[in-house]
Amino acid sequence: MAISPVAETEYKGSAQPEQGQQPTLSVRDLVVEIPTRRGVLRPVDRVSYDLAPGEILGVVGESGAGKSMTGNAVIGLLDRPAHIAGGEILLNGKRIDNLSRRDMRKIRGKEIGMVFQDPLTSLNPLIPIGDQLAETIETHLNVSRTEARKRALASLEEVGIPAAAERLDSYPHEFSGGMRQRVVIALALCAEPSLVIADEPTTALDVSVQAQIIALLKRLCREHGTSVILVTHDMGVIAEAADRVAVMYAGKLVEIGPVRDVLTHPNHPYTDGLVGSMPAHSHGQARLRQIPGAMPRLNALPEGCAFHPRCPKAQEKCRHAPEPELMNGAACWFPVGEDA
Amino acid sequence: MLAYIIRRVFQSVIVLLVVGLVAFSMFRFVGDPVDNMLGQERTQADIERLRTQLGLDQPFPVQYFRFLKGAAEGNFGVSYRQGRPVATIIAERAPATLELAFVSGVLAITMGIALGVFTAIRRRGAAANIIMTLSLVGVSLPTFLIGILLIYVFAVELGVLPSFGRGETVRVGEFWTTGFLTTSGLQALILPAITLGLYQMTLIMRLVRSEMLEVLRADYIRFARARGLTERAVNFRHALRNTLVPVITVTGLQLGAIIAFAIITETVFQWPGVGLLFINAIQFVDIPVMAAYLMLISVLFVTINLIVDLLYYAIDPRLRIDGRTA
Ligand SMILES: Nc1ncnc2c1ncn2[C@@H]1O[C@H](COP(=O)(O)OP(=O)(O)O)[C@@H](O)[C@H]1O
Ligand code: SF4
Ligand SMILES: [Mg+2]
């Protein structure tokens, strides 16, 4: 299945995909809360987005912005005491946020695959990779052991493990980091899910193999028509792989839109700051622009727009008015470029 | 692999030599066996004669060397008290101790792992919390007190189980007597086995629990869940296996400890095993019996250690560095 062109061109700064086509994933006003002794934290606050079939959505933001929490909420793997406190999650039109543990388990791995950051710790060190693949396949697809082994081999070949047949019985420690992440990707995709959540899939890898892994993920998802949520704090990865980009700040979605538009004409001052800190966009300046200050902690969010203490465009309204809603692609009272 | 085993065996022999040396030098402080062996009307000449006969007049290194030479041939000398070969006496007593240790060990390992896994998986449940609290009692009560409590409840008050001895035994083959084949023999095993195994069981349980909790937080467990594996597969195929790697060492050493600590249990229950033999030997300064017992216990520990290392090898592929490395 080829990637739909929808994501790349059709809508400008809208959180909605093309009319009439059912999104693979639809997140509606998602709220994740963590009760603590000093009150309730909201690491994810009314986040909404849709993901078209075959689309790659990049999610960026500084560490602690709530990117992983959003992904974990979608796949139903929030660690206690964090929990979904509001909103809806629809996968291929079916609500999945209110499923029983048992039903949710059946969706994990089968309809939603996940790739974690560190391939060195993602694989069980005591079990050969072929067995880890086969057990996943057997769990979700009604096939025999031999058939599962056969498919395990096929998926290892697909992710480009050399001499895959001989490597089925190898243990994780016998592979390099890049090869292990390929195995992890094979595990995430072996039951042909319609959605893959890749949470910083290249952050722990050697720079030399990062591009290969991103290219592999992109190719496989295009070939299988899989939608991807690609979480990263690296704008370069987004530019390379994503169709659309969602920018998160302090638990909120502050900007969403097609990658090309967002990278060339960011609307939200925070996105502008992130884009400005990319090497390719600093136009030969010796020093990259950095956003001053740090993201506020969840228990000390400023009044009004949460970005205002760091925002070069902040005005009186930003400090006191209720926080701006996401409209026309950005959650900001004074979007970049409007006054230019 | 073979080189590794040979190296380990060589190390083990050195350990045994040192243990023997330490044990032997300690005996000189226990007392003079000659005092016990001769009656009140002994003369200085009697004492000298006996000393020469036993080889006690020889310098210490010579005594030690003689002992080692004999031990290597399976000859541990003659008991001062019983006048019979030590090897025979120990062979008679060994089945009682080994059967007791076996039942305790099986009890400690199976119950320890089962309860450890249970309390880790259900760590917020009421049952798990009650078990954990009780286990504190198991760890802190001394063995003899547990034995006496059990005797009081089940033998004295309820009168359902015997309080001492092995019950009826059956001779199997030339050397072995077993209590497994008679009802009274099995009944007699229950209280001593619980007494002996309880401490090890709680220890293994607490260790399995904490290791399991640690493993359950690991990334690959999270990833196993993200792959939609069943709770059963996550807990048992993935988590338990990784938990057992560090647990094996401690468990192995605990098995050695079970046989060593059998001394106390055997005393409380008048269990006719090697532990009781050793206690009686101390009272009589029966050096050949004491020396043989200590050597056997050290051989046991060293062997268990070796087996534990090899098991490690079998379980954890990362240690198999021979051959293919990527
Ligand atoms: N158990 C917890 N208690 C309190 N705060 C938490 C807890 N777990 C995560 N957080 C907070 O939730 C926020 C979101 O985290 P996360 O989604 O991992 O961020 P990201 O993936 O964008 O770096 C962070 O600010 C983090 O501090
Ligand atoms: S609302 Fe105001 S403070 Fe917030 S990002 Fe926009 S301009 Fe900056
Ligand atoms: Mg994260």
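Residues numbered from 1 in each chain as written. Chains lettered and ligands numbered in written order. Predicted model: local features only at pLDDT ≥ 70, side-chain atom pairs only at ≥ 80, totals over all residues.

> Explanation requested: the overall build of chain A in the structure shown.
When its secondary structure is counted, chain A shows 13 helices and 10 strands. Against the 2.2 N^0.38 benchmark of 20 Å for 340 residues, chain A shows a C-alpha radius of gyration of 20 Å, consistent with a compact globule. Over its C-alpha atoms, taken along the principal directions, chain A stretches across nearly 65 × 50 × 45 Å. A buried classification covers 49% of the 340 residues belonging to chain A. Pairs at least 24 apart in sequence give 66% of the contacts found in chain A among residues at least 6 apart. (Helix = DSSP H or I, 4+ residues; strand = E, 2+ residues; numbered from the N terminus. Rg over C-alpha atoms; globule rule 2.2 N^0.38 Å. Buried ≥ 20, exposed ≤ 12 C-beta atoms within 10 Å, placed from the backbone. Contact = placed C-beta atoms within 7 Å.)

> Teacher, can you tell me more about the site of ligand 1 here?
All names here are of chain A. The environment of ligand 1 is formed by 13 residues, the closest being P43, G64, K67, S68 and M69. Those elements giving two or more residues to the shell around ligand 1 turn out to be β1 (25-36), β2 (39-51) and α2 (67-75). Per element, the largest residue contribution to the shell around ligand 1 is 3 residues, and it comes from α2. In the shell around ligand 1, the residues fall into 6 nonpolar, 6 polar and 1 charged. (Near = placed C-beta within 6 Å. Nonpolar A, V, L, I, M, F, W, Y, C, P; charged D, E, K, R; others polar.)

> Even after reading the chapter, I still don't get the nonpolar core, so can you show me in this structure?
When a protein is soluble and globular, its nonpolar side chains tend to lie buried together. By size, the foremost hydrophobic cluster in this structure holds 160 residues, and its most contacted members are L57, I185, L230 and Y249 of chain A. Looking at this core, the element that brings in the most residues is helix α8 (residues 183-216) of chain B, giving 16 residues. (Core = buried A, V, L, I, M, F, W, Y, C linked by C-beta atoms within 7 Å.)

> What should I look at first to understand the sheet that holds strand β3 (residues 56-60) of chain A in this one?
The pairing of strands in a sheet comes from backbone hydrogen bonds and takes either a parallel or an antiparallel form. All names here are of chain A. Pairing in this open sheet of 6 strands is mixed, and the strands run β6-β7-β8-β3-β9-β10 from one edge to the other. At either margin of the open sheet sits one strand with a lone partner, and together these are β6 (112-115) and β10 (252-258). The average undirected angle you get between the axes of adjacent strands in this sheet is 15°. Relative to β10, strand β9 (residues 244-249) runs antiparallel, the two sharing 6 bridges. Paired with A246 across the bridge in β10 is I256. (Pairing = 2+ DSSP bridges. Axes fitted to C-alpha atoms, helices over the stretch in contact; angles between N-to-C directions.)

> Honestly, the interface of chain A and chain B in this entry has me stumped. Any pointers?
You'll often see interface size given as the accessible area lost when the parts meet. Counting from both sides, the interface comprises 26 residues of chain A and, opposite them, 23 residues of chain B. At the level of secondary structure, the elements contributing two or more residues to the side of chain A that touches chain B comprise α3 (101-107), α4 (119-122) and α5 (129-140) of chain A. Broken down by element, the side of chain A that touches chain B gets its largest block of residues, 4 residues, from α5 of chain A. Looking at the side of chain A that touches chain B, its residues break down into 10 nonpolar, 9 polar and 7 charged.

> Explain the site of ligand 2 to me, please; I cannot follow it from the model alone.
Taken together, 13 residues form the shell around ligand 2, and within it C305, H308, C311, C318 and C332 of chain A come nearest. Looking at the shell around ligand 2 residue by residue, the classes come out as 10 nonpolar, 2 polar and 1 charged.

> Teacher, can you tell me more about the environment of P335 of chain A here?
Residues and elements named next belong to chain A. Its location among the elements puts P335 in the segment after α13 (316-320). Under the C-beta neighbour-count criterion, P335 is labelled buried, with 23 such atoms within 10 Å. The spatial distance from the C-alpha of P335 to the C-alpha of S48 is 20 Å, given a sequence separation of 287 residues.

> Would you mind going over the pairing of β10 of chain A with me for this structure?
As a general feature of sheets, a regular strand has side chains that alternate between the two faces. Counting buried positions over the 7 residues of β10 of chain A gives 7, a clear majority of the element. Here β9 of chain A hands over to β10 of chain A after 2 residues, with A250 of chain A in that stretch at a positive phi of 50°.

> Would you mind showing me how to read the pairing of strand β8 (residues 227-231) of chain A here?
Residues and elements named next belong to chain A. Here β8 lies mainly inside the structure; 5 of its 5 residues are buried. Burial along β8 is two-sided: S227, I229 and V231 and V228 and L230, pointing in opposite directions, are all buried. Sheet topology note: the β3/β8 ladder contains 4 bridges and is parallel. Paired with G58 across the strands is L230, a residue of β8.

> For this particular structure, what's the right way to read the sheet that holds strand β5 (residues 94-95) of chain A?
All names here are of chain A. What the 4 strands build is an open sheet, ordered β2-β1-β4-β5; its pairing is antiparallel. Each of the sheet's edge strands pairs with one partner strand only, and the pair in question is β2 and β5. Bridging between β1 and strand β4 (residues 83-91) involves 7 bridges; their strand directions are antiparallel. Looking at the pairing, S26 lines up with L90 of β4. Seen against the sheet, α2 touches β1, β2 and β4 and runs at an angle of roughly 110° to β1.

> Would you take a moment to explain the packing of α5 of chain A against helix α8 (residues 177-189) of chain A for this structure?
Each pair of packed helices can be described by the angle between their axes along with the distance between the axes. All names here are of chain A. Packing of α5 against α8 leaves a shortest axis separation of 9 Å and a crossing angle of 15°. What the angle tells us is that α5 and α8 run roughly parallel. The two elements α5 and α8 cross, and the hand of that crossing is right-handed. Contacts between α5 and α8 pair I129, Q132, L133 and T136 from the former with V183, A186 and L187 from the latter. Along the lines of polarity and charge, the residues of the contact of α5 with α8 split into 5 nonpolar, 2 polar and no charged. (Parallel < 35°, antiparallel > 145°, perpendicular 65-115°, else oblique. Left-handed = near helix turned anticlockwise from the far one by under 90°.)

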